[in-house]
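Summary of structural features
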Amino acid sequence: MQWSKTENKGMGLFATQPYKVGDIILVEEAYSWVTLQDNSLNICHTCFHCSEALKKCSRCKFARYCGLDCQKKAWKENNHQWECRAIACSVNRKTPSIVRLAALVLFRALATNGQDRKILERCRSFPYWSSDGGEFLSGHSLYGWVEDLRHFMRLSCYPQKELSELLEDNFVMSLIRLLEMNAHTIFDSELNTLGVGFFPKASLMNHDCRPNSVALFTGGFHNTSGKPVSIHIRCVRPIEAGEEIVISYLDVCLSWMDRLEWLKEHYQFECCCSRCKEESSLTIQQYGEKLVELKSDLKTINHLIVLSEQEELGNNNLSRSFECIHWAWDKCRQCIQKLYPNSPIFHWKQIQIASRMGYLCIVLEKYSQATDYLELYIELLRDKPEFAYFPTVALEMLKLGKLYAYLGNLSAAKRYLEKAKQIYTNLLVKEDPLYYKCEEELYKVVVEYDWMVQQTGLC
Ligand SMILES: C[S@@+](CC[C@H](N)C(=O)[O-])C[C@H]1O[C@@H](n2cnc3c(N)ncnc32)[C@H](O)[C@@H]1O
């Protein structure tokens, strides 16, 4: 693969050879990385292995490691030697993760001459203003973060003369903005968020709503101890030589309007991919003057989904959350029946709601209902083969397989677990706990299934 200029998206990564589903396209260790504040206590700060028995850094009492190898890696490579002092001196220890990441990038880039200076150049030239002349993130905490970073750097007592120049407004804003736009959220194979990392090469990959590759992360496996978390770009659709290799910055199951809003809010760009073109022109052709009504319906549905998440997270009120998602579902169905038959927008909305309903039913222990919703999710995705190898789909299949096994429907359990395993075989490394979990579940079901067939003579 090689980096070259794209037509309208700046630089991009292009294939110089064909790739098939499951091929690894790029592996890159994180340049700098942080865990998130709320899960910092039970994740190793180097390899992201999740454990209850991590050892604390004796000075800052914040960093945690699964062993000496990981501690040494963090101290030197991820510059905990400087960060440690700043964390230990911070009274409330609530430095935002993005600020910690920015500090670690600075420590690393300053510590090495030559190659790494390119990172500083990239920061220096990164615009922190938007194309319409306004400043990005003005409504957000950019200025707060700038102050936090300066404070953090001072507390670290980093002895660099040039630091003062780098801590000037423009540079700091560009650095934070670059990380906001280019750092990757690190998640495990069950898609739980673990932290944030800066991967200089992978950070130049462009977005597509129908991507041909996905970003997965090592982390959480025992044998990665002592190795910093790394990103693996894996092929999920056949790629021809010369094609651009693209990932998705968002959940591909969002509707066109949701994706448009999300990308504008988080990345300030309007996606020019083929899926957006198709779905937007279909929407405009079909709905023309009804678009305002459509937007308002989608707004209501989105509002109900957000409300259901808040109820669940904030108040632990799951039945209320379930109720909200049911309202969203009803509203969605009404809209489709009355106004928008075959709307691609509502098709994606239904997929999103079906998955959420499945999740809520499981938490509420309504297992049989959960299988109905997850079946529906898979059914709705069936005519989208381009998403067949996505980790999200595999995860829903695994859930469904386990549910059927619990409910005693062994043949359905076997079918879904086999499908999940097929996707994981392509996507995950063998050491991934999720790969094992799937294999283990499948083994149990197969043994039980064979026994049942023997006893009853049925198959
Ligand atoms: C993480 S950077 C990717 C690297 C970028 N092309 C560069 O040269 O620095 C993300 C930026 O690339 C551009 N971009 C990526 N995907 C795009 C897409 N599908 N449509 C339009 N612009 C895109 C946007 O300007 C976005 O803010």
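Residues numbered from 1 in each chain as written. Predicted model: local features only at pLDDT ≥ 70, side-chain atom pairs only at ≥ 80, totals over all residues. Heavy atoms only, no water.

Here we take up the pairing of strand β10 (residues 230-235). Burial within β10 is extensive, with six of its six residues counted as buried. Both faces of β10 are covered, namely the face carrying Ser230, His232 and Arg234 and the face carrying Ile231, Ile233 and Cys235. The pairing of strand β3 (residues 24-29) with β10 spans five bridges and is classified as antiparallel. If you follow Glu29 over to β10, its bridge partner there is Ser230. (Buried < 20%, exposed > 50% of the residue type's maximum accessible area, 1.4 Å probe, protein only. Helix = DSSP H or I, 4+ residues; strand = E, 2+ residues; numbered from the N terminus. Pairing = 2+ DSSP bridges.)

Glancing now at the sheet that holds β3. The three strands are arranged β3-β10-β9 in an open sheet whose pairing can be described as antiparallel. The open sheet has two edge strands with one neighbour each: β3 and β9 (213-217). Strand-to-strand, the axes of this sheet are offset by a mean angle of 20°, without reference to chain direction. Bridge count between β9 and β10: five bridges; the pairing is antiparallel. Looking at β10, one finds that Ala215 is bridged to Ile233. (Axes fitted to C-alpha atoms, helices over the stretch in contact; angles between N-to-C directions.)

On average, the chain scores 85 in pLDDT, and the residues at 70 or more come to 92%. Within the chain, the lowest mean pLDDT, 71, falls on helix α6 (residues 163-166), and the highest, 97, falls on strand β11 (residues 244-245). Contacts for the low-pLDDT stretch residues 130-139, under 50 throughout, to residues beyond four places or in other chains number 14 contacts. (pLDDT = per-residue confidence, 0-100. Contact = heavy atoms within 4.5 Å.)

All right, on to the site of the ligand then. Neighbouring the ligand are 16 residues, the closest being Lys9, Met11, Asn182, Asn206 and His207. Here a nitrogen atom of the ligand sits 2.8 Å away from a polar atom, N or O, in the main chain of His207. A distance of 3.2 Å separates a nitrogen atom of the ligand from a polar backbone atom of Cys272. Considered on its own, the ligand offers 570 Å² of accessible surface; in the complex 80% of this is hidden by protein. When its residues are assigned to classes, the shell around the ligand shows nine nonpolar, five polar and two charged. Residue contributions to the shell around the ligand reach at least three from each of two domains, namely domain 1 (2-245) and domain 2 (256-456). (Near = heavy atom within 4 Å. Polar contact = N/O pair within 3.5 Å; in protein donor to acceptor, adjacent residues only side chain to side chain. Areas by Shrake-Rupley, 256 points an atom, 1.4 Å probe, with all protein chains shown as cover. Nonpolar A, V, L, I, M, F, W, Y, C, P; charged D, E, K, R; others polar. Domains from an automatic or database assignment.)

Bringing the side chain of Ser189 into the picture now. Structurally, the position occupied by Ser189 is in the loop between β7 (184-187) and β8 (193-198). For Ser189, a relative accessible area of 13% translates into the label buried. Discounting residues that sit within four places of it in the chain, Ser189 has contacts with Leu395, Leu428, Asp432 and Leu434.

To continue, consider the domain arrangement of the chain. Domain annotation of the chain identifies domain 1 (2-245) and domain 2 (256-456). Taking the mean C-alpha position of each, domain 1 and domain 2 sit 29 Å from one another. Summed over both partners, the interface of domain 1 with domain 2 buries about 2,500 Å², with 66% contributed by carbon and sulfur atoms. Inspection of the region where domain 1 meets domain 2 yields three salt bridges. A salt bridge links Arg210 to Glu278; the shortest N-O distance between them is 2.7 Å. Across the domain 1-domain 2 interface, the total number found is eight residue pairs in polar contact (both at pLDDT 80 or more). Those elements that provide at least two residues to the side of domain 1 that touches domain 2 are α7 (169-182) and β9. (Buried area = accessible area lost by both parts, 1.4 Å probe. Salt bridge = Lys/Arg side-chain N within 4 Å of Asp/Glu carboxyl O.)

Before going further, it helps to spend a moment on the sheet that holds strand β1 (residues 2-5). Pairing within the open sheet is antiparallel, and its three strands lie in the order β1-β2-β11. In the strand order of this sheet, the two ends are held by β1 and β11, each with one partner. As paired elements, β1 and strand β2 (residues 11-14) share four bridges and run antiparallel to each other. By the bridge assignment, Gln2 is partnered in β2 with Phe14.

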